[in-house]
Amino acid sequence: MTGATGVLAWHHTSVVVDDLDRAVAFHRGQLGFEVSLEVRAMAKPIQRMLGLARISCDLVQLSSAVGPHVLELIEFRDIPPDADRRLPIWPGRSHLAFVVPDLEAALRSMMASASRAVGRITDFPEGPAVYCWAPGGGVVELEQWHQPPSAGLPG
């Protein structure tokens, strides 16, 4: 484990795109990525994590033979026009996602160092997750998996 939050693994880097299918085709064809997860029309979980009503998204996670890191490409729909421009919902924005052993403790640690939750802790099949503001305007996702990271990471 590393850092005050006890990071176990850097799971993924997410990049917001304006055309998911085109972006996936590019990353597969030009860079050799393979689709490892695809979710279409996600609404309630992403609304909860972002604290924004009515927003939805499609996302694809990609893996590569050249390393264990996951690339997530995500396209949002129904973005409120007054949504914070720093949120990772606009094309070109991104967030980093890290697996931690205790999400509540990690969130408390983040909040003690000038961070705060963007939305609320949200349950996913792999485990709960939350977006946090990082000093400087970035966004970090903390995830607590039901299974140890070594069992769920590619490679």
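Residues numbered from 1 in each chain as written. Predicted model: local features only at pLDDT ≥ 70, side-chain atom pairs only at ≥ 80, totals over all residues. Heavy atoms only, no water.

Notes on unusual backbone geometry
And step 1. Despite not being glycine, Arg 54 shows a phi value in the positive range, around 70°.
And step 2. Topologically, Arg 54 is positioned in the loop between helix H2 (44-50) and strand E3 (56-64).
And step 3. Arg 54 sits in the exposed class, given a relative accessible area of 67%.
And step 4. With a phi angle near 60°, Asp 78 is a residue other than glycine that sits in the positive phi range.
And step 5. Among the structural elements, Asp 78 can be located in the loop between strand E4 (67-77) and strand E5 (94-99). (Helix = DSSP H or I, 4+ residues; strand = E, 2+ residues; numbered from the N terminus. Buried < 20%, exposed > 50% of the residue type's maximum accessible area, 1.4 Å probe, protein only.)

Overview of helix H1 (residues 20-31)
And step 1. A rise of 1.5 Å per residue sets the reference length of H1, with its 12 residues, at 16 Å; its end C-alpha atoms lie 16 Å apart and thus fit the reference within 8%.
And step 2. Contacts from the buried residues of H1 go to strand E2 (34-42), E3 and E4.
And step 3. Taking the backbone nitrogen of Asp 21 as reference, a side-chain oxygen 3.4 Å away marks Asp 19 as the first, capping residue of H1.
And step 4. A positive phi of about 80° marks Gly 32, the residue just after H1. (Expected span 1.5 Å × (residues − 1). Contact = heavy atoms within 4.5 Å. Polar contact = N/O pair within 3.5 Å; in protein donor to acceptor, adjacent residues only side chain to side chain.)

Considerations on the side chain of Asp 58
And step 1. Along the chain, the position of Asp 58 falls in strand E3.
And step 2. Note on Asp 58: relative accessible area 10%, which makes it buried.
And step 3. A polar contact of 2.6 Å, which involves the side chain of Asp 58, links it to the backbone nitrogen of Ala 41.
And step 4. Apart from the residues within four sequence positions on either side, Asp 58 is in contact with Leu 20, Val 39, Arg 40, Ala 41, Leu 73, Ile 74, Glu 75 and Arg 77.

A closer look at the pattern of salt bridges
And step 1. Following the criterion strictly, the structure yields 6 salt bridges and no others.
And step 2. A salt bridge links Arg 40 to Asp 21, with the nearest nitrogen and oxygen atoms 2.6 Å apart. With Arg 40 in strand E2 and Asp 21 in helix H1, this residue pair connects regions lying 19 residues apart in the sequence.
And step 3. Across the salt bridge formed by Arg 77 and Asp 58, the nearest N and O atoms sit 2.9 Å from each other. With a gap of 19 residues between them, Arg 77 in strand E4 and Asp 58 in strand E3 connect regions that are remote in the sequence.
And step 4. On the basis of relative accessibility, which here comes to 30%, the residue Arg 77 falls in the partly exposed class.
And step 5. If you follow the salt bridges from partner to partner, you end up with Asp 21, Glu 38, Arg 40, Asp 58 and Arg 77 in one network. (Salt bridge = Lys/Arg side-chain N within 4 Å of Asp/Glu carboxyl O.)

Bear in mind that shape data such as this cannot, by itself, settle questions of function.
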